[in-house]
Amino acid sequence: MIPRVASLGHGFAGAGLYYLNDKRQDTQPGRPTPDEYMLSPKQGSVGSRVDFTETRNLPTRDPHKALRCMQWLAANAQDVRLAAAAAAARAAGMSYEDYVHSHNPFRGRRGVKPVYTLSIAWHPTKNEKPSREQMIAAGDEVIRTLGMSDRQCLMVAHTDTPHPHIHLIINRVSPI
């Protein structure tokens, strides 16, 4: 297994356009338009290079709906954080102000790049091709090792290269 971490991203829509659709064949420089990415036959489908998708901590198995859920959580992270602090204060039997003063749940910076993507690849000839279950298990192990087991994740396996590989699109915003 060979892991490779991509740079942090700003939006789940762009990650979805790239990982769920076929690559552009042209070599034009510059940023492509959404229509240039959308090579799938109809809206809501996935490209021919996608072998399978799998979700973690999401209410749906549909990859497009999963990305919209991840996008919503990232956009409403501050509200989720306030609600979590209020629920924790109630559970502790404290007033909200006392809880915030004593536990400081709002430490740290606000996240501006919620998209964390990485890929896991296997050598094309040294090992036999891993099964779907083995690829998902490897993705789960990486998520657990990173300490992101509570995060939303979309796994996308591709068949466009000789080496089998799976991409993990992880929401850095915790729903908890």
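Just above sits the structure.
A. Examining the pattern of salt bridges more closely. One pass over the structure, following the stated rule, counts seven salt bridges. Two residues, Asp160 and Arg49, come together in a salt bridge whose shortest N-O distance is 3.0 Å. A residue pair is termed long-range when its members are at least 10 positions apart, and Asp160 in the loop between β4 (153-158) and β5 (165-171) and Arg49 in the loop between α2 (34-37) and β2 (50-56) qualify at 111 residues. For Arg49, a relative accessible area of 6% corresponds to the buried category. For the salt bridge of Asp150 with Arg151, the shortest nitrogen-to-oxygen distance reads 2.7 Å.

B. Local environment of the pairing of β2. Across the seven residues that make up β2, a large majority, five, are buried. Where β2 and β4 come together, six bridges link them in antiparallel fashion. Bridged to Val50 within β4 is His158.

C. Seen up close, the pairing of strand β3 (residues 115-121). In terms of burial, β3 is a largely internal element, seven of the seven residues being buried. Residues Val115, Thr117, Ser119 and Ala121 line one face of β3 and the alternating positions Tyr116, Leu118 and Ile120 line the opposite face, and both faces are buried. Judged from the four bridges that link them, strand β1 (residues 2-5) and β3 form a sheet pairing that is antiparallel. Counterpart to Val5 in the pairing with β3 is Leu118. Where β3 lies against β5, seven bridges are found, and the strand directions are antiparallel. Within β5, the position partnered with Ser119 by the bridge is His167.

D. Seen up close, the nonpolar core. Counting 17 residues, the largest nonpolar core has Leu118, Ile120, Ile143, Met155, Ile166, Leu168 and Ile170 as its most contacted members. The element best represented in this core is helix α6 (residues 132-145), accounting for five residues. In this view, Leu168 contacts Tyr116, Thr117, Leu118, Ile120, Gly139, Ile143, Cys153, Leu154 and Met155; residues no more than four positions away in its chain are not counted.

E. Here's a closer look at helix α3 (residues 63-75). Its 13 residues give α3 an end-to-end C-alpha distance of 18 Å, which sits within 8% of 18 Å, the value for a rise of 1.5 Å per residue. For α3, the complete set of buried residues consists of Pro63, His64, Ala66, Leu67, Met70 and Leu73. Considering only its buried residues, α3 is in contact with α1 (12-20), β2, α4 (77-92), β4 and β5. The N-capping residue of α3, defined by a side-chain oxygen 3.1 Å from the backbone nitrogen of His64, is Asp62.

Calculation criteria
- Residues numbered from 1 in each chain as written.
- Predicted model: local features only at pLDDT ≥ 70, side-chain atom pairs only at ≥ 80, totals over all residues.
- Heavy atoms only, no water.
- Salt bridge = Lys/Arg side-chain N within 4 Å of Asp/Glu carboxyl O.
- Helix = DSSP H or I, 4+ residues; strand = E, 2+ residues; numbered from the N terminus.
- Buried < 20%, exposed > 50% of the residue type's maximum accessible area, 1.4 Å probe, protein only.
- Pairing = 2+ DSSP bridges.
- Core = buried A, V, L, I, M, F, W, Y, C linked by side-chain atoms within 4.5 Å.
- Contact = heavy atoms within 4.5 Å.
- Expected span 1.5 Å × (residues − 1).
- Polar contact = N/O pair within 3.5 Å; in protein donor to acceptor, adjacent residues only side chain to side chain.

Limitation: the analysis is restricted to geometry and does not speak to function.
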